[in-house]
Amino acid sequence: MTDVPRVELTPEAADLLRRLRDAHGPLMFHQSGGCCDGSAPMCYPEGEFRTGASDVLLAELAVEGMAEPVSFWMSKSQYEVWSHTRLIVDVVEGRGSGFSLEAPEGVRFLIRSRLVGT
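Small disclaimer: the values here were computed from a predicted structure and weren't measured.

Caption draft 1: Quick peek at the packing of aromatic side chains. Using the criterion set out here, one finds three aromatic pairs in the structure. Consider the rings of Phe29 and Phe109, whose centres lie 4.9 Å apart with planes at 85°: the pair is edge-to-face. You can see Phe29 sitting in strand E2 (residues 27–31) and its partner Phe109 sitting in strand E7 (residues 107–115), a full 80 residues away along the chain. Here Phe29 matches Phe109 in class, with each residue buried.

Shown next as structure tokens:
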């Protein structure tokens, strides 16, 4: 059985990450599971969001055309809820959080999920 990645990117998400990388340098995601936009993955310059013992590193996402991977962090409490799923980072039209780098682009990152094993 092949290991299925816990987190993956749609082609649209990878395209947006390349554009954001060109503008902001190395990137990271964090998903807190908080209210409102906190339940969406937030994209930051790498290291701008401080992670700690209450966070889980789920993936180092390789993006074609980018020299370094994009780390994907999630709060432990949120991970407990999503641990049985494979997360798919996608992009949709609309404005997300003002804290996430894609906000001025008129799009927002969104998580789609599938049960592990499907």
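Caption draft 2: Structural view of the sheet that holds strand E1 (residues 7–9). Pairing is mixed across the open sheet formed by three strands, whose spatial order is E1-E6-E7. Two strands lie at the open edges of the sheet, namely E1 and E7, each paired on one side alone. Taken over all neighbouring pairs, the strand axes of this sheet differ in orientation by 30° on average, direction set aside. Relative to strand E6 (residues 85–93), E1 is paired through three bridges, and the arrangement is parallel. In the strand pairing of E6, Val7 is matched with Leu87. Lying over the sheet, helix H1 (residues 11–24) contacts E1, E6 and E7, oriented at roughly 65° with respect to E6.

Cut-off values and rules
Residues numbered from 1 in each chain as written. Predicted model: local features only at pLDDT ≥ 70, side-chain atom pairs only at ≥ 80, totals over all residues. Heavy atoms only, no water. Phe/Tyr/Trp six-rings, centres within 6.5 Å; stacked < 30°, edge-to-face > 60°. Helix = DSSP H or I, 4+ residues; strand = E, 2+ residues; numbered from the N terminus. Buried < 20%, exposed > 50% of the residue type's maximum accessible area, 1.4 Å probe, protein only. Pairing = 2+ DSSP bridges. Axes fitted to C-alpha atoms, helices over the stretch in contact; angles between N-to-C directions. Contact = heavy atoms within 4.5 Å.

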